[in-house]
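# Descriptive structure summary
One-letter residues, chain by chain:
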Amino acid sequence: MQQASAGKKLFEELAYKPKPAWDRLKGEERQRVFTLAEGYKAFLTAAKTEREANALILSEAEKQGFRPAEKVPGRLTPGTRLYYNNRGRSAVLVVVGREPISAGFRLVGSHIDSPRLDLKPRPLYEEEGLALLKTHYYGGIKKYQWPVHPLALHGLVVLSDGRRRDIRLGEEAGDPVFCVTDLLPHLAYEQMEKKAKEVVSGEALNIVVGNLPYPEEEDVKERIKLAVLKLLRDTYGIREEDFISAELEAVPAGAARDVGFDRSMVGAYGQDDRISAYTSLRGLLEVRQPAKTAICLFTDKEEVGSMGNTGARSRFFENVLADLAHREGAESVDLAVRQALARGEALSADVNAALDPSYQEVSDKRNSALLGYGINLSKYTGARGKSGSSEASAEFTAAVRDLLNRHNVAWQPGELGKVDEGGGGTIAQFLADLGMDVIDAGVAILSMHSPFEVASKVDVYMAYRAYKVFWEPEK
Ligand code: MN
Ligand code: MN
């Protein structure tokens, strides 16, 4: 007996095994997990596009004393809170540190775009008694998941004179919703024989929007399309050509929900990656006077490769650093930016795949994150031999691990699936390209990229804690 007990002790001392994050919560902290989740669900329900998320983030920040950079005059002092808004689709929030920017910064970066169905430039048509909208899907979706699910339309139309019409239809009680249809089983013999990626083709993701013909004049062409166009003109003041300068996104309709008898999980569309956006925002709002300047980055276009002037590969973030260095009175702004980037440290805040009990075969169980075991740290992402990925150094990984351990933040290491199974990427590599030390740190979720992703509330809480203490360690 004595012998076994010594061995057991030694095993506990030497071996590593992540524990359920719930077990770390003390006293009223459990209640705080559920309180945070209420705010998170409200955020997911309100912010279903990158523009909606951006606007909500900035309005929350303004309530907590952040001001647009152009309205912050003169030199920056430690604790100054400012933000940079990039075209309403990506943003940077800054809490100025006690050290100059050239000494480095601490950044948490997430993305606020999610997979969805975008409308094509000429979306509206009439066929066989229905008016429909053509779509071009955005990001990596399993196309068969999108039919027969209530959809809402979000976005804006910009008229040729520059006036803007916002559309958000399908979310409120009493709103109509939209949908993509699917074949009935009775006639799906051939469809069911197809490969999953061919079951629903991209050109079949057409959204049903009308069935009512323009009244009385039977000799008018395309009376259903005409009736829809008339409604659009009467409601929003738009004509068919205006669709060409529009950003309209069809997303799953409805509010974020609790999942489970125990309400321990959140189910909603768009948690990749607004789970990181929300938790990092909440963390930053509590940062007061950090040593290193605290930066919270919200980017767009991650789901399509981070390109464009609002994606993580744009110059936007470097321009922000240049502005900060300039306001600090740096002798050489260019040098200060380069030094800041070389000394910067970042958490790439993005979701990872949690081990799914029903699909264990795609994951290496020993190296997969579990739902409810805390924030997931991934040294690298990529596919086929770490291709297309940066990798966090052992030194930086150790520092982050130590920080989280010291603050009792539950974390777990996790890879995205088996080595040969596939893979994916995040913005980590683009931040690392600029010179920063970067590690992926985010929540592991189930059913990623689907219309209903699932996350554990305790992981949401641990992510918020992790980002907060990364910026401003607690004494
Ligand atoms: Mn993501
Ligand atoms: Mn994604």
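The present account deals with the structure reproduced in this document. (Residues numbered from 1 in each chain as written. Chains lettered and ligands numbered in written order. Predicted model: local features only at pLDDT ≥ 70, side-chain atom pairs only at ≥ 80, totals over all residues. Heavy atoms only, no water.)

### A closer look at the pairing of strand β7 (residues 151–158)
Two faces, one strand: in a regular strand the side chains alternate between the faces of the sheet. Spelled out, the test is: Only protein chains enter the accessibility calculation, which uses a 1.4 Å probe; a residue whose area is less than 20% of its type maximum is buried, one above 50% is exposed, and one in between is partly exposed. Numbering goes from the N terminus for both helices and strands, where a helix is a DSSP run of H or I of at least four residues and a strand is a run of E of at least two. Strand pairing is defined by DSSP finding a minimum of two bridges between the two strands.
Where burial is concerned, most of β7 is hidden: 7 out of the 8 residues are buried. Looking at chain direction, β7 and strand β11 (residues 246–252) are connected through 7 bridges and run antiparallel. What sits directly across from G155, in β11, is L248. Inspection of the sheet shows β7 paired to strand β8 (residues 164–169) by 6 bridges, in the antiparallel sense. Within β8, the residue paired with G155 across the bridge is I167.

### Topic: the pairing of strand β14 (residues 293–299)
Of all the 7 residues making up β14, 7 are buried; the element is thus mostly covered by neighbouring parts of the structure. Neither face of β14 is exposed, since T293, I295, L297 and T299 on one face and A294, C296 and F298 on the opposite face are all buried. In this sheet, β14 lies alongside strand β3 (residues 90–95) in antiparallel orientation, the contact comprising 5 bridges. From the neighbouring strand, V94 faces β14, where its bridge partner is I295.

### A look at the coordination of the manganese ion (ligand 2)
Heads up, the rule is: A donor here means an N, O or S atom no more than 2.8 Å from the metal, or no more than 3.2 Å when the metal is Na, K or Ca. Since water is not included, a site may seem to lack partners.
Around the manganese ion (ligand 2), the donor atoms from the protein are D272 (OD), E303 (OE), E303 (OE) and H449 (NE2), and they sit 2.1 to 2.6 Å away. Mapped onto the polypeptide sequence, the residues donating to the manganese ion (ligand 2) form the spacing pattern D-x30-E-x145-H. A spacing of 3.3 Å is found between the manganese ion (ligand 2) and the manganese ion (ligand 1), which share D272 as a donor. Of this pair, E303 sits in the loop between β14 and α8 (316–328) while H449 sits in the loop between β22 (444–445) and β23 (453–456), placing them 146 residues apart in sequence. Taken individually, E303 and H449 each receive the classification buried, so the pair is uniform in this respect.

### Details of the nonpolar core
To keep things clear, this is the line we draw: The criterion is simple. A nonpolar core is a set of buried Ala, Val, Leu, Ile, Met, Phe, Trp, Tyr and Cys residues joined through side-chain atoms within 4.5 Å. Note on contacts: a residue pair is in contact if any heavy atoms of the two residues lie within 4.5 Å.
In terms of nonpolar packing, the biggest core is built from 62 residues, with I57, L93, L284, I375 and L404 touching the most fellow members. Considering every element that reaches this core, the biggest residue donor is helix α12 (residues 457–471), with 11 residues. Setting aside its immediate chain neighbours within four residues, L404 contacts I375, L377, V409, W411, A466 and V469. If you look at the next biggest cluster of nonpolar residues, it comprises 31 residues, including A69, I295, A312 and I427.

### As for the coordination of the manganese ion (ligand 1)
At this site the manganese ion (ligand 1) is bound by H111 (NE2), D272 (OD), D350 (OD) and D350 (OD), with donor distances of 2.1 to 2.5 Å. Here the donor residues for the manganese ion (ligand 1) map to a single chain with the spacing H-x160-D-x77-D.

### Overview of the packing of helix α7 (residues 271–285) against α12
A pair of packed helices is characterised by two quantities: the angle between their axes and the separation of those axes. Inclusion rule: Lines fitted to C-alpha atoms define the axes, with helix axes restricted to the stretch in contact, and inter-axis angles between N-to-C directions lie between 0 and 180 degrees. Angle categories: roughly parallel below 35 degrees, roughly antiparallel above 145, roughly perpendicular from 65 to 115, and oblique for all the rest. Here is the rule for handedness: rotate from the far helix to the near one, and if that takes an anticlockwise turn smaller than a right angle the crossing is left-handed, while a clockwise turn gives right-handed.
The N-to-C vectors of α7 and α12 enclose an angle of 45°; their axes lie 8 Å apart at closest approach. By the criterion of interaxial angle, the relationship of α7 to α12 is oblique. Here the hand of the crossing between α7 and α12 comes out right-handed. Here I275, S276, T279, S280, R282, G283 and L284 of α7 come into contact with α12, specifically with V460, A463, Y464, Y467, K468 and W471.

### Some remarks on a negative patch on the surface
Defined as follows: What goes into a patch is any residue over 30% in relative accessible area without a salt bridge, connected to like charges within 9 Å or, for nonpolar side chains (Val, Leu, Ile, Met, Phe, Trp, Tyr), within 5 Å. Here the Shrake-Rupley method, with its probe set to 1.4 Å, supplies the accessible areas, and only the displayed protein chains count as covering residues. A pair is scored as a salt bridge if a Lys or Arg side-chain nitrogen falls within 4 Å of a carboxyl oxygen belonging to Asp or Glu. Charged residues are defined here as Lys and Arg on the positive side and Asp and Glu on the negative side; His and the ends of the chain fall outside this count. By convention, the point assigned to a charge is CZ for Arg, NZ for Lys, CD for Glu and CG for Asp.
Where like charges cluster on the molecular surface, the negative patch consists of E216, E217, E218 and D219. Within the fold, D219 resides in the loop between β10 (207–210) and α6 (223–236).

### With respect to the packing of α8 against helix α9 (residues 333–343)
Running from N to C, α8 and α9 point in directions that differ by 120°, and their axes come no closer than 9 Å. Compared by their axis directions, α8 and α9 come out oblique. Here α8 and α9 pass one another in a crossing that is right-handed. Residues F317, E318, L321, A322, A325 and H326 of α8 pack against V333, A336, V337, A340 and L341 of α9.

By themselves, these observations are geometric and do not establish any function.
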